[in-house]
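Chains, contacts and geometry: an overview
Now for the letters of each chain:
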Amino acid sequence: MDLALEEAESLEKPLEPTGGPGPRERARSLWSDAWHQLRRNPVFLLSALLILFLVVIAIWPQLIASGDPLRCDLSKSQQGSAPGHPFGYDTQGCDVYTRTVYGARASITVGVCATLGAALLGSALGGLAGFFGGWWDALLSRVADIFFGIPVILGGLVFLSVVTSTTVWPVVGFIVLLGWPQLARIARGSVITAKQNDYVQAARALGAGNGRMLLRHVAPNAVAPVIVVATIALGTYIALEATLSFLGVGLRPPTVSWGIDISNAASQIRNAPHMLLYPAGALSLTVLAFIMLGDAVRDALDPKLR
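This report concerns the structure included in the present document.

Considering a nonpolar patch on the surface
A surface patch of nonpolar side chains, amounting to about 560 Å² of accessible area, comprises Val152, Ile153, Leu154, Leu157, Val158, Phe246 and Leu247. Ranked by residue count, the leading element in the nonpolar patch is helix H6 (residues 152-160), at five residues. Mapped onto the fold, Ile153 is located in helix H6. The exposure class of Ile153 is partly exposed, given its relative accessible area of 33%.

And the structure:
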């Protein structure tokens, strides 16, 4: 039986050319072929380098900012750029450059943690629903419809307004709560497509259990769409965190966040536009980088777009 299962699993592997002159070249898998294309895509390289830079300064902001983002001097309120302070000062006299650098930590943390949480929860629930079907699939679809009907901003105003914590975790939890249905539907459809392939049917006919088929045959061939959607959603989640913080229900002081700084600068845009320009520019650049990365990954993993 084990030999038969191994033969069924071999149906997943691409065949090597057997005829013709010259040495045989082993056909690349989907992932190696995607990586081969990504390395030659300038959009991917540019966005990956920018994201790597943002992650580094989120972990070690002291590398490029030596000041304290919470140290303020009211005598310098709304002043423009000065030696050692290229972005000027905000209303409280805090260094805008230092706060912009330190603001990357909260935004990247929320984006990454919310994406991982939504992807894991959505993939697990959607994958099981697509694989087993029946009442579990029907129940998940109806629950997902309920969450799809909740407006994101209105839900954030209601849910987060009763939370008093100043950490990032309530915001992460809220985004995961409303973000998993989209990834669950993607995972469900991908699993339904993958389980109809010949190698899955052969493994089932030869006696493979549900767990072996799901983990060994279906999941590796259904995860690509989830990765693409999750990569693009990461940038969206960062923008959502900034929006909620701007409205006063997301991250709250003393946490340093681009959304908080944008909210504080909105009323002073005529008198001190530099207070809004730099945190808003950093936020836009970060969201754009993740969306560009997601587009590049999608183009590499979808053979129809090549």
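That was the structure; now back to the text.
Quick look at the side chain of Thr286
Tracing the backbone shows Thr286 in helix H11 (residues 274-301). A relative accessible area of 0% means that Thr286 is categorised as buried.

Quick look at the packing of helix H4 (residues 96-132) against helix H7 (residues 169-194)
Geometrically, a packed helix pair is captured by the angle between its two axes and the distance between the axes. Closest axis-to-axis distance for the H4/H7 pair is 5 Å, and the angle between their directions is 35°. The element H4 and its partner H7 pack so that their crossing is right-handed. Here the contact of H4 with H7 is built from residues that sort into 19 nonpolar, seven polar and one charged.

Here's the deal with the pattern of salt bridges
The tally for this structure, following the rule as stated, stands at six salt bridges. Residues Asp261 and Arg99 are paired through a salt bridge, measuring 2.9 Å at the closest nitrogen-oxygen approach. Residue Asp261 is located in helix H10 (residues 258-266), and its partner Arg99 is located in helix H4; the two are separated by 162 residues in the primary sequence. For the residue pair Asp261 and Arg99, the accessibility class agrees, reading buried in each case. Put simply, Arg298 and Asp295 hold a salt bridge, and the shortest N to O gap is 3.8 Å. In this pair, Arg298 and Asp295 both sit in helix H11, three residues apart, roughly one turn of the helix. Looking at Arg298, the relative accessible area reads 34%, which means it is partly exposed. For Asp295, a relative accessible area of 27% translates into the label partly exposed. Within the structure, one salt-bridge network assembled from shared partners comprises Arg142, Asp145 and Arg185.

Rules of the game
- Residues numbered from 1 in each chain as written.
- Predicted model: local features only at pLDDT ≥ 70, side-chain atom pairs only at ≥ 80, totals over all residues.
- Heavy atoms only, no water.
- Patch = residues over 30% accessible without salt bridge, like charges linked within 9 Å, V, L, I, M, F, W, Y side chains within 5 Å.
- Areas by Shrake-Rupley, 256 points an atom, 1.4 Å probe, with all protein chains shown as cover.
- Salt bridge = Lys/Arg side-chain N within 4 Å of Asp/Glu carboxyl O.
- Helix = DSSP H or I, 4+ residues; strand = E, 2+ residues; numbered from the N terminus.
- Buried < 20%, exposed > 50% of the residue type's maximum accessible area, 1.4 Å probe, protein only.
- Axes fitted to C-alpha atoms, helices over the stretch in contact; angles between N-to-C directions.
- Left-handed = near helix turned anticlockwise from the far one by under 90°.
- Nonpolar A, V, L, I, M, F, W, Y, C, P; charged D, E, K, R; others polar.

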